[in-house]
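A structural walkthrough
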Amino acid sequence: MEIKKVVVIGSGTMGSGIAAHLCNADVPVTLLDLTTDISTKARDRIHKSRPPLLIDKSKINNIKVGNINDNFDTVKEADWIVEAVVERIDIKHQIYKKIFNNRKDGAIVSSNTSSIPIKILSENMTDEQKKDFCITHFFNPVRYMGLLEIVKNENNDLKKINSLKVFCENELGKGAIVCNDTPGFLGNRVGVYAMQVAMTEAFKMKLTIEEADAVFGRPMGIPKTGVFGLYDLIGIDLMADVLKSFVKELPEKDKFQQVAKEIPLVKKLIDSGYTGRKGKGGFYRMKKLENQKILEAINLQTGEYSESKKIDLKIDTVDLNTIINRKDKYGEYAWSVISQIIKYASSLVPGITNKFNDIDEAMRLGFNWAMGPFEMLKSIGVKNFFNRVDEFKGNKFLEELSVKKDENFYGERQIYTEIETLGKMKPKALSLEKNKSAEIYRFKDFNIVEFTTKACALDYDSMDSLKKATDKPLIIINESMQFSAGVNLSYTMDFAEKGDYKSIEKFIKYFQDTCKQLKYSKFPVVSAPSGLTLGGGFEVMVQSNFVTSHTNIVVGLVETMVGLVPAGGGCKEMLWRWSKSEESKKDLDFAPLKVFEIIGYGKTASSPVEAEPLKYLLPADKKIMNRNSLFPEAKKVIDENKNFKPNTECTFKLSGKSVREKMFKTLEKLYNDKIILDHGMTVGKELANVLSGGDTNSEKILTEDDIYKLELDSFMRLIENKKTQDRIKHTLSTGKPLVN
Ligand code: NAI
């Protein structure tokens, strides 16, 4: 069954997200609501959304809008009708009646409900209608969240459900997990329980919200919003509704009930408009003081706000055992939360699914956890877990495991998909070498390098792994959210603070040598980026021979924001790319001026479609919707390049002083208009020096090494400058750029 046209009914948060994502997949879609005014406003919101819901904003008008009275005829032509109206059964029932009276034979009808059982949704349908009805539960924001839960009913035509699953995997790029009709399905049942446990325990153990978020975060492989930050992000009122529906749907003896009770402080926040980021604030709030914004955190005991304190647990990588074995309140909290999550998730097998692996993958795709509860158990070690855990009577999964004590209980990963993913391949590959920042795997006749640091920030060790791995065809890829946010700034600042600039220089030189080795390797090098691919991360990607990019990529050279210039070949590669444009054939200064503008403003692109006009990505680079397919696609590139010929070195002609003066003019204007300040001027001049070719003229031929040298010299002058260091320190502590 082919899906060529879709109608989405309900243009709120979810309906508009789903319509936008269908548009991303070039599927004609119509968005209907009570009035055309509502759906038109929804389309405007899509257009303005940040982060953008659309991969290509110029396609916004491919989303047709209308209302359910005048435009219901569109349903007659649709192959799939998605209902995403408010969570009210009476309204949903009315809509289904109307849909089934109008849809063409065999068209799929699905609901995006997050809490109403399919049995109730479909209670008024005939068996014939039920055959084509299911739940397709997308997560918010639809473009970015990987999970799609598909819930069947007993009458379903399974072939059709499977073709919908394949469509959602291949065209929409979702990790589609088929699950049973149980409250909250897989992701929310375990994810919301986990949040409630983390919150309840924080109250009980008298932790501050910053402490709880620091523990229930990076060390556990959970996004840094932790629990209270996530509550604010989702909306405290929405969470309260979700909990009410769990309380209603779940049996009284379900352990969820114990952590779902209304908390007085939460009620008080909602009643006073503190519904989270969309409201006046939530557990955290921003206080504006003249020109300054101060982040405040609530005191769970008193309900008062005070300036938020950063908690540094000194754990940079996901490390369960270190955190649960700490002999302090953090260790105690971590163990209490993790053990309860493992106990609860395992108690649901086989009740909500007989494949425990699906629960783990739902947590990865729907909550961005680095590992699910069962992988957590594996990582703690079966024996260790049972030595420490209290009672688990009636939990069949744990009872069996406690007898077998099988450390290898886990088996294969990602069994929900046929795609040969990186996650499936890793356990079959040989781990050749591992340092604190990266790991090299050998699979058949090629290598894989996976960065392993926070946000995959790069340092000497990451470069070391890349360099060593070029003895075979190489794929640079990882399972974490970001390809790489760039060079590790705290690593660089540590040296700067000791005045050890020699070590910084050595590192940057090594970075350049490594990138050069990637570019001129005897064997093909493929980068498979997803998420942040910034600064040094971009330089690694751009100096690989091939790129297979995920459509959710944020790419660019942002060094000037922290008072630096790209020095790992970023300036060089951008110059080279732009020098091959038509305009450059006529005007030698075209490329340097264009690159000066792109790097100077630290421009980023949030999709391949935005990246190509900047030449951050090229038309030949592959663009892939499903993140799971990045690995097989990269592997295909290696297979297709058995007779790979290494690159030949490129050379440059730049006009030196004459183009530099044009750049200085631009800088002066920006300075006079107060868009840049003193240090902006200094950084701009250094960038101009690199991009103009330094002390050269239009007759002279410059090698790549010449440009690398210019990059390095400018970088070193800037890193030694106190104002650059101020910028870096500011960005490290606030996440924002400093204008000085
Ligand atoms: P919303 O409140 O943002 O939007 C609902 C939309 O439905 C509104 O635009 C409203 O005008 C429209 N509507 C109401 N009655 C209608 C009718 N008779 N015909 C056509 N349109 C009608 O709701 P949201 O958040 O988008 O939720 C939609 C569905 O998705 C709900 O079933 C919800 O449980 C589910 N869901 C929500 C998630 C979220 O994060 N917001 C996540 C996953 C599922």
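Residues numbered from 1 in each chain as written. Predicted model: local features only at pLDDT ≥ 70, side-chain atom pairs only at ≥ 80, totals over all residues. Heavy atoms only, no water.

Observations regarding the domain arrangement of the chain
Interfaces are frequently sized by the accessible area removed from exposure as the parts join. Just so we agree on the cut-off: Boundary definitions for the domains trace back to an automatic or database domain assignment.
Considered domain by domain, the chain is made up of domain 1 (6–180), domain 2 (187–404), domain 3 (422–558 + 602–643) and domain 4 (657–734). Computed from C-alpha coordinates alone, the two centres of domain 1 and domain 4 are separated by 50 Å.

Digging into the site of the ligand
How we decide: A single heavy atom is enough: if one lies within 4 Å of a molecule or strand, its residue is considered near that molecule or strand. Side-chain atoms alone can form a polar contact between residues adjacent in sequence; in general such a contact is a pair of N or O atoms within 3.5 Å, and within protein one must be able to donate a hydrogen while the other accepts it. Working definition of accessibility: Shrake-Rupley area with a 1.4 Å probe, residue cover restricted to the visible protein chains. Put simply, DSSP H or I for four residues or longer makes a helix, DSSP E for two residues or longer makes a strand, and each gets a number counted from the N terminus. Charged residues are taken to be Asp, Glu, Lys and Arg, nonpolar residues to be Ala, Val, Leu, Ile, Met, Phe, Trp, Tyr, Cys and Pro, and polar residues to be all remaining types, Gly included.
The full set close to the ligand counts 23 residues, and M14, D33, E87, K92 and S114 are the nearest of them. With respect to the ligand, the side chain of D33 contributes an N or O atom lying 2.7 Å from an oxygen atom. Within the side chain of S114, an N or O atom sits 2.8 Å from an oxygen atom of the ligand. Look at the ligand: alone it shows 840 Å² of surface, and the protein chains cover 80% of it. For the shell around the ligand, the secondary structure elements donating two or more residues are helix 1 (13–24), helix 4 (89–102) and strand 6 (133–138). Here the shell around the ligand gets 3 residues from one element, more than from any other, and that element is helix 4. Per-class residue counts for the shell around the ligand are 11 nonpolar, 9 polar and 3 charged.

Comments concerning the packing of aromatic side chains
Our working rule: For Phe, Tyr and Trp, where Trp contributes only its six-membered ring, two rings pair if their centres lie within 6.5 Å, and the inter-plane angle classes them as stacked under 30 degrees, edge-to-face over 60, or tilted in between. Throughout, exposure labels follow a simple rule: accessible area from a 1.4 Å probe, protein chains only, divided by the maximum for the residue type, with under 20% read as buried, over 50% as exposed, and the rest as partly exposed. Note on geometry: a ring has a charge over it if NZ (lysine) or CZ (arginine) is within 6 Å of the ring centre and within 35 degrees of the ring normal.
According to the stated counting rule, one finds 33 aromatic pairs in the structure shown. Taking the centre distance of 6.1 Å and the plane angle of 90° together, the rings of W80 and F167 count as edge-to-face. Pair noted here: W80 is in strand 4 (residues 80–83) and F167 is in helix 7 (residues 158–170), with a separation of 87 residues, a long-range link. Side by side, W80 and F167 carry an identical accessibility label, which is buried. The rings of F356, F374, F397, F409 and Y410 are connected pair by pair, giving a single aromatic cluster. Above the ring of F72, the side-chain terminus of K98 is found at 4.7 Å from the ring centroid. Over the ring of Y305 we find R285; its NZ or CZ atom is 3.9 Å from the centre of that ring.

A few points about the packing of helix 8 (residues 187–204) against helix 11 (residues 236–249)
Our working definition: As a rule, the C-alpha atoms of each element are fitted with a line to give its axis, helices using only the stretch in contact, and angles between N-to-C directions run from 0 to 180 degrees. For classification, angles of less than 35 degrees are called roughly parallel, those exceeding 145 degrees roughly antiparallel, those between 65 and 115 degrees roughly perpendicular, and all remaining angles oblique. Rotating anticlockwise by less than a right angle from the far helix to the near helix defines a left-handed crossing, while the corresponding clockwise rotation defines a right-handed one. Residue contacts are defined here by distance: any two heavy atoms, one from each residue, within 4.5 Å place the two residues in contact.
Look at helix 8 against helix 11: their axes get within 12 Å of each other, and the N-to-C directions meet at 115°. Between helix 8 and helix 11, the angle falls in the class roughly perpendicular. By crossing handedness, the relation of helix 8 to helix 11 is classed as left-handed. Contact residues: helix 8 offers N188, R189, V192, M195 and Q196, while helix 11 offers M239, V242, L243 and F246.

Focus: the sheet that holds strand 12 (residues 430–434)
As a reminder of what qualifies: Think of it this way: DSSP has to see at least two bridges between two strands before they count as a pair.
Across the sheet, 7 strands lie side by side as 12-13-14-15-16-18-21; this open sheet has mixed pairing. Of all strands in the sheet, those with a lone pairing partner are strand 12 and strand 21 (622–624), marking the two edges. In this sheet, adjacent strand axes meet at a mean angle of 20° when their direction is disregarded. One ladder, built from 4 bridges, connects strand 12 with strand 13 (residues 438–443); its direction is antiparallel. If you follow E433 over to strand 13, its bridge partner there is I440. Packing against the sheet, helix 29 (residues 630–640) makes contact with strand 13, strand 14 (446–451), strand 15 (474–476), strand 16 (525–527), strand 18 (546–550) and strand 21, and its axis sits at approximately 165° to strand 18.

Overview of the nonpolar core
For the record, the criterion: By nonpolar core we mean a set of buried residues, namely Ala, Val, Leu, Ile, Met, Phe, Trp, Tyr and Cys, connected to one another through side-chain atoms within 4.5 Å.
Among the nonpolar cores identified, the biggest contains 110 residues, and I9, F216, F228, F256, F283 and Y333 are the most heavily contacted of them. Viewed by domain, this core spans two of them, domain 1 (6–180) and domain 2 (187–404), each represented by three or more residues. Formed by 77 residues, the second largest nonpolar core is a distinct cluster that contains A469, F507, L617 and L687.

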